[in-house]
Amino acid sequence: QVQLVESGGGLVRAGGSLRLSCAVSGRTFSTYGMGWFRQAPGKEREFVAAITWGGSSTYYGDFVKGRFTISRDNAKNTVYLQMNNLNPEDTAVYYCAADRDQIVVGFSDSVLAYDYWGQGTQVTVSS
């Protein structure tokens, strides 16, 4: 069973930074595409960023605009999301997700493409 555990969320002022981490159990982490999504109250879950299984390619939601960076360490079974220049609109629960089929079918920003999810970590940005 694959388990994902996020950490690093919290309260930060506008303009500040946070680094989210997602630790993944299991021996097949290096074959999974990994993604970050977020969900604000009353809104649908939206794509934030993704990284391919080998780490060679990254993808971002349009709203990121160069502020976030996704990375992974396959030796540690961990994926990261560095978030800079945060604003109140970034307030949401952030979820880590794993796509076991990305190695075959390629990148997707759809919630439906991801097979395993973490429990989420709250990010709150004050103005």
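Owing to the predicted nature of the structure, the values given are computational and were not obtained by experimental measurement. (Residues numbered from 1 in each chain as written. Predicted model: local features only at pLDDT ≥ 70, side-chain atom pairs only at ≥ 80, totals over all residues. Heavy atoms only, no water.)

Structural notes on the packing of aromatic side chains
Per the stated rule, a full pass over the model turns up 8 aromatic pairs. With a centroid separation of 5.7 Å and an interplanar angle of 70 degrees, the aromatic rings of Phe37 and Phe47 are classed as edge-to-face. Taken together, the positions of Phe37 in strand S4 (residues 33-39) and Phe47 in strand S5 (residues 46-51) put the pair 10 residues apart, joining distant regions of the chain. Taken as a pair, Phe37 and Phe47 share a single burial class, namely buried. Three or more aromatic residues joined by ring pairs make a cluster, and in this case those are Phe37, Phe47, Tyr59, Phe107, Tyr114 and Trp117. In this arrangement the basic side chain of Arg19 is found over the ring face of Tyr80, its NZ or CZ atom lying 4.0 Å from the centre. The side chain of Arg45 reaches across the aromatic face of Tyr95, ending 3.7 Å from its centre. (Phe/Tyr/Trp six-rings, centres within 6.5 Å; stacked < 30°, edge-to-face > 60°. Helix = DSSP H or I, 4+ residues; strand = E, 2+ residues; numbered from the N terminus. Buried < 20%, exposed > 50% of the residue type's maximum accessible area, 1.4 Å probe, protein only. Lys NZ or Arg CZ within 6 Å of the ring centre and 35° of its normal.)

Examining the pattern of salt bridges
Considering all chains together, one arrives at 4 salt bridges under this definition. Residue Arg100 pairs with Asp115 through a salt bridge whose shortest N-O separation is 3.5 Å. Placement of the pair is Arg100 in the loop between strand S9 (92-99) and helix H1 (102-105) and Asp115 in the loop between H1 and strand S10 (116-117), with a sequence separation of 15 residues. Owing to a relative accessible area of 42%, Arg100 belongs among the partly exposed residues under this scheme. Counted as one network, the salt bridges with shared partners bring together Arg38, Glu46, Arg67 and Asp90. (Salt bridge = Lys/Arg side-chain N within 4 Å of Asp/Glu carboxyl O.)

Everything listed here is a matter of geometry and, on its own, says nothing about what the molecule does.
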